[in-house]
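Chains, contacts and geometry: an overview
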Amino acid sequence: QVQIVEFGGGSVQPGGSLRLRCACSGSMFETWSLGWSRQAPGKQRELVARITSDGSTDYAYSVKGRFTISRDNAKKTVWLQMNSLKPEDTAAYYCNADTPYSGSYWGQGTAVTVSS
């Protein structure tokens, strides 16, 4: 059974950094594509970053150069390092896993607030 739990949200000043962690359980983690999405109040959820099973990454234009997604297959964990944070990065951040054999799964989300 696949489970996903996010950690690391919080409040930070503009220009600051946060590192989100997504802890996963389930089999064949190394075959999963993993992503971080976010949803700000009143807005649609948007994909922020994605990493495939072979380590290829893709980023939304708004975060490119500031955010980095990475994974550790042995720990079944994916991180999102967020630097140079802006107020418009304020949102609930969600981790998701696309598995080849049992579908897609989402975590409950973690809140990030960027404010002075």
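Below is a short write-up of the structure.

Summing up its helical and strand segments, the chain has zero helices and 11 strands in all. Here the C-alpha radius of gyration of the chain, 13 Å, is about what a compact globule of 116 residues would show, namely 13 Å. Dimensions of the chain, computed from C-alpha atoms along their principal axes, come out at roughly 45 × 25 × 25 Å. Out of the 116 residues belonging to the chain, those deemed buried represent 41%. Pairs at least 24 apart in sequence give 52% of the contacts found in the chain among residues at least 6 apart.

Turning to the environment of Arg-66, a few remarks are in order. Mapped onto the elements of the fold, Arg-66 is located in the loop between β6 (57-59) and β7 (67-72). For the pair formed by Arg-66 and Asn-83, sequence separation is 17 residues and the distance between their alpha carbons is 5.1 Å. In this view, Arg-66 contacts Gln-81, Met-82, Asn-83, Ser-84, Leu-85, Lys-86 and Asp-89; residues no more than four positions away in its chain are not counted. A polar contact is formed between the side chain of Arg-66 and the backbone oxygen of Ser-84, at a distance of 2.9 Å.

Attention now moves to the environment of Tyr-59. In this fold, Tyr-59 is placed in strand β6. For Tyr-59, a relative accessible area of 18% translates into the label buried. For the pair Tyr-59 and Tyr-105, spaced 46 residues apart in sequence, the C-alpha to C-alpha distance is 20 Å. Residues within four places of Tyr-59 in sequence aside, it is in contact with Val-48, Ala-49, Lys-64, Phe-67, Thr-68 and Ile-69. Side-chain polar atoms of Tyr-59 contact the backbone nitrogen of Ile-69, separated by 2.9 Å.

A few words now on the pattern of salt bridges. Side-chain pairing between opposite charges can occur once the charged atoms of the two side chains come close. Counted according to the given criterion, the structure contains three salt bridges. In this structure, Arg-38 and Asp-89 form a salt bridge, with 2.9 Å as the shortest nitrogen-oxygen distance. Pair noted here: Arg-38 is in strand β4 (residues 33-39) and Asp-89 is in the loop between β8 (77-82) and β9 (91-99), with a separation of 51 residues, a long-range link. In this structure, Arg-66 and Asp-89 form a salt bridge, with 2.7 Å as the shortest nitrogen-oxygen distance. On the criterion of sequence distance, the pair formed by Arg-66 in the loop between β6 and β7 and Asp-89 in the loop between β8 and β9 is long-range, its members being 23 residues apart. For Asp-89, a relative accessible area of 0% gives the class buried. One network of salt bridges, in which partners are shared, links Arg-38, Glu-46, Arg-66 and Asp-89.

A full pass over the atoms with the stated rule returns one aromatic pair. Judged by centre distance (5.1 Å) and plane angle (55°), the ring pair of Phe-29 and Trp-32 falls under tilted. A single burial state applies to Phe-29 and to Trp-32, both of which are buried. The ring of Phe-7 carries Arg-21 above its face, with NZ or CZ at 4.4 Å from the centroid. Over the ring of Tyr-94 we find Arg-45; its NZ or CZ atom is 3.8 Å from the centre of that ring.

What follows covers the nonpolar core. Core analysis: the largest hydrophobic core is formed by 30 residues, its most contacted members being Trp-36, Leu-80, Met-82 and Tyr-93. Counting only elements with at least two residues in this core, the list comes to β3 (18-25), β4, β5 (46-51), β7, β8, β9 and β11 (110-114). Setting aside chain neighbours within four positions, we find Tyr-93 in contact with Glu-6, Leu-20, Trp-36, Ser-37, Arg-38, Val-48, Phe-67, Leu-80, Met-82, Gly-109, Thr-110 and Val-112.

Rules used in this analysis
Residues numbered from 1 in each chain as written. Predicted model: local features only at pLDDT ≥ 70, side-chain atom pairs only at ≥ 80, totals over all residues. Heavy atoms only, no water. Helix = DSSP H or I, 4+ residues; strand = E, 2+ residues; numbered from the N terminus. Rg over C-alpha atoms; globule rule 2.2 N^0.38 Å. Buried < 20%, exposed > 50% of the residue type's maximum accessible area, 1.4 Å probe, protein only. Contact = heavy atoms within 4.5 Å. Polar contact = N/O pair within 3.5 Å; in protein donor to acceptor, adjacent residues only side chain to side chain. Salt bridge = Lys/Arg side-chain N within 4 Å of Asp/Glu carboxyl O. Phe/Tyr/Trp six-rings, centres within 6.5 Å; stacked < 30°, edge-to-face > 60°. Lys NZ or Arg CZ within 6 Å of the ring centre and 35° of its normal. Core = buried A, V, L, I, M, F, W, Y, C linked by side-chain atoms within 4.5 Å.

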